[in-house]
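Listed below, chain by chain, are the residues.
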Amino acid sequence: MSEIYEQEALRVTDLHKSFADQPVLHHISFQLLKGECLGIVGESGSGKSTLARCLLTLMNWQSGEITIGDMNLKGLDSRGLRWVRSRIGAVFQHPAAALNSRLRIIDSLMEPLDQRKGCTPSFLNLDDAAGRLEIACALLDTVGLPGDYVYKFPHELSGGEKQRITIARAISTEPDFIILDEPTASLDVTTQSVILNLLKDLQAKLGLSYLFISHDLAAVYYMCDRIMVMRGGHIVDQFKKADTFDHKRHAYTKLLIEVFNG
Ligand SMILES: Nc1ncnc2c1ncn2[C@@H]1O[C@H](COP(=O)(O)OP(=O)(O)OP(=O)(O)O)[C@@H](O)[C@H]1O
Ligand SMILES: [Mg+2]
């Protein structure tokens, strides 16, 4: 196991979240290690996206700790929140909703870097003096898109191309980890596998850490080193990919495997 795995990107301890006294997350505890892909799989309504929103500090939670590096996310002031949000990348199900339809691609893509003036992603290997356009084109190249896409508007792009833009944006700030919440659910089957492969390649090349959320065990199995199974707001099972078919798996995991095997 490489050294990078020994460092922690994220720790969640005994997280509870309710909506109007209705518990949605119970006793959620896990850690994400640097360089790994941790899958969260579970049926609709099991609390996956609620967990993602808590991590992104888009939502409050009642109790429990979320820690990134040595920063505890509870009770941060607006400066602390801005810092934390720049440390977490996010890619969601609907790329069209994630891109402002009135902005050219360059402006949506560069939005996080525009807020951190003078910051050039180190993985692009550009000169410190690289301009905004040069950085944007290099980011597009990283996700397999031609540089002239910077001048296009979202409606001129396919769903897969739009998702490539949101991926490029998510990696641009070199975050501690990236939350992928059903990143391929809105795409056709062929494009789904192309985007999953792109994510896998980027992870290997750039040493990214992913929290990969999906209701699709096959996709999670393909992408992840470890898998957590959620049901009704609980983590009912947590295991290494190699142990997926172990007889010790939770009954609900076995049910998901049956569906996965068709
Ligand atoms: N803003 C909200 N207000 C009230 N209840 C909510 C809110 N957001 C989510 N919920 C409820 O929390 C539960 C978990 O929803 P969540 O969106 O986290 O599920 P999910 O696992 O992401 O599902 P899916 O696979 O369909 O995306 C559901 O019962 C949902 O109705
Ligand atoms: Mg969801």
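Now for a quick tour of the structure.

This part takes up the site of ligand 1. Taken together, Phe 19, Val 24, Glu 43, Ser 44, Gly 45, Ser 46, Gly 47, Lys 48, Ser 49, Thr 50, Arg 53 and Glu 182 make up the full set of residues near ligand 1. Ser 44 places a side-chain nitrogen or oxygen 2.5 Å from an oxygen atom of ligand 1. Interatomic distance of 3.1 Å between a backbone N/O atom of Gly 47 and an oxygen atom of ligand 1. Here ligand 1 loses 57% of its free accessible area of 640 Å² to cover by the protein chains. For the shell around ligand 1, the leading source of residues is helix H1 (residues 48-55), giving four residues. For the shell around ligand 1, the class distribution of residues is two nonpolar, six polar and four charged.

What follows deals with the pattern of salt bridges. Tallying each qualifying case throughout the model produces seven salt bridges. Between Glu 43 and Arg 231 there is a salt bridge, with the nearest N and O atoms lying 3.7 Å from each other. One end of the pair, Glu 43, is in the loop between strand E3 (37-42) and H1; the other, Arg 231, is in strand E9 (residues 226-231), with 188 residues separating them in the sequence. Asp 114 is the partner of Arg 132 in a salt bridge, and the nearest nitrogen-oxygen pair spans 2.8 Å. Here Arg 132, found in helix H6 (residues 132-142), pairs with Asp 114, found in helix H5 (residues 111-114); they are 18 residues apart in sequence, far enough to count as distant. Arg 132 gets classed as partly exposed once you look at its relative accessible area, which sits at 32%.

The sheet built from four strands is open, its strands ordered E2-E1-E4-E5 with antiparallel pairing. Two strands in the sheet have a free side with no partner beyond their single neighbour: strand E2 (22-33) and strand E5 (71-72). Taken together, the two bridges between strand E4 (residues 63-68) and E5 define a ladder with antiparallel strand orientation. Looking across to E5, one finds that Thr 67 is bridged to Asn 72.

Inspection of the secondary structure puts Lys 74 in the loop between E5 and helix H2 (78-87). Here Lys 74 is in contact with Trp 61 and Gln 62, once residues within four sequence places are set aside. At a separation of 2.7 Å, a polar atom in the side chain of Lys 74 contacts the main-chain carbonyl oxygen of Trp 61.

Turning next to the packing of helix H7 (residues 159-172) against helix H8 (residues 189-206). Two elements in contact, H7 and H8, have axes separated by 10 Å at closest approach and are oriented at 20°. Judged by the inter-axis angle, H7 sits roughly parallel to H8. Handedness of the H7/H8 crossing: right-handed. Along the contact surface, H7 presents Gly 160, Gln 163, Arg 164, Ile 167 and Ile 171, while H8 presents Thr 191, Val 194, Ile 195, Leu 198, Leu 199, Leu 202 and Leu 206. Looking at the contact of H7 with H8, its residues break down into eight nonpolar, three polar and one charged.

Here the phi dihedral of Ala 20 falls at roughly 45°; this positive angle occurs in a residue that is not glycine. Here Ala 20 lies in the loop between strand E1 (8-19) and E2. In this structure, Glu 174 takes a positive phi of about 50° despite not being glycine. Position of Glu 174 relative to the elements: it lies in the loop between H7 and strand E7 (177-181).

This next bit is on the sheet that holds strand E10 (residues 234-240). Strand order in the open sheet formed by six strands is E6-E7-E8-E3-E9-E10, and the pairing between neighbours is mixed. Each having just a single partner strand, strand E6 (88-91) and E10 make up the two edges of the open sheet. When the angles between neighbouring strand axes are averaged without regard to direction, this sheet yields 20°. Sheet topology places E3 next to strand E8 (residues 210-214); five bridges connect them, and they run parallel. When the bridges of E8 are listed, Ile 40 appears paired with Ile 213. Against the sheet, H7 touches E6 and E7, its axis set at about 175° to E6. Along the sheet, helix H10 (residues 251-260) makes contact with E3, E9 and E10, crossing E9 at roughly 105°.

Rules and cut-offs
- Sequence positions are assigned chain by chain, starting from 1 and proceeding in written order.
- Ligands are numbered from 1 and chains lettered from A, in the order in which they are written.
- For this predicted model, a pLDDT threshold of at least 70 governs which residues receive local features, and a threshold of 80 or more governs which side-chain atom pairs are given and counted, while totals over whole chains, interfaces and linings are taken from all residues.
- Values shown for side chains rest on all heavy atoms present in the structure; no hydrogens or waters enter the calculation.
- We call a residue near a molecule or strand as soon as one heavy atom of that residue lies within 4 Å of the molecule or strand.
- Here a polar contact is taken to be a pair of N or O atoms separated by no more than 3.5 Å, where protein atoms must pair a possible hydrogen donor with a possible acceptor and residues adjacent in sequence count only if both atoms sit in side chains.
- Here the Shrake-Rupley method, with its probe set to 1.4 Å, supplies the accessible areas, and only the displayed protein chains count as covering residues.
- Only runs of H or I of at least four residues qualify as helices and only runs of E of at least two qualify as strands under DSSP, and these elements are numbered from the N terminus.
- Polar here means any residue other than Ala, Val, Leu, Ile, Met, Phe, Trp, Tyr, Cys and Pro, which are nonpolar, and Asp, Glu, Lys and Arg, which are charged; Gly is therefore polar.
- A pair is scored as a salt bridge if a Lys or Arg side-chain nitrogen falls within 4 Å of a carboxyl oxygen belonging to Asp or Glu.
- Burial classification: accessible surface area is computed with a 1.4 Å probe over protein chains only, and a residue below 20% of its type maximum counts as buried, one above 50% as exposed, and the rest as partly exposed.
- For two strands to be treated as a pair, DSSP must find at least two bridges joining them.
- Whether two residues are in contact is decided by their heavy atoms, any of which lying within 4.5 Å being enough.
- Under this scheme, a helix contributes an axis fitted over its contacting stretch, all axes are lines through C-alpha atoms, and angles between N-to-C directions fall in the 0 to 180 degree range.
- Orientation labels follow simple angle bins: below 35 degrees gives roughly parallel, above 145 gives roughly antiparallel, 65 to 115 gives roughly perpendicular, and whatever is left gives oblique.
- For any helix crossing, the convention is left-handed if the near helix is rotated counterclockwise from the far helix by under a right angle, and right-handed if that rotation is clockwise.

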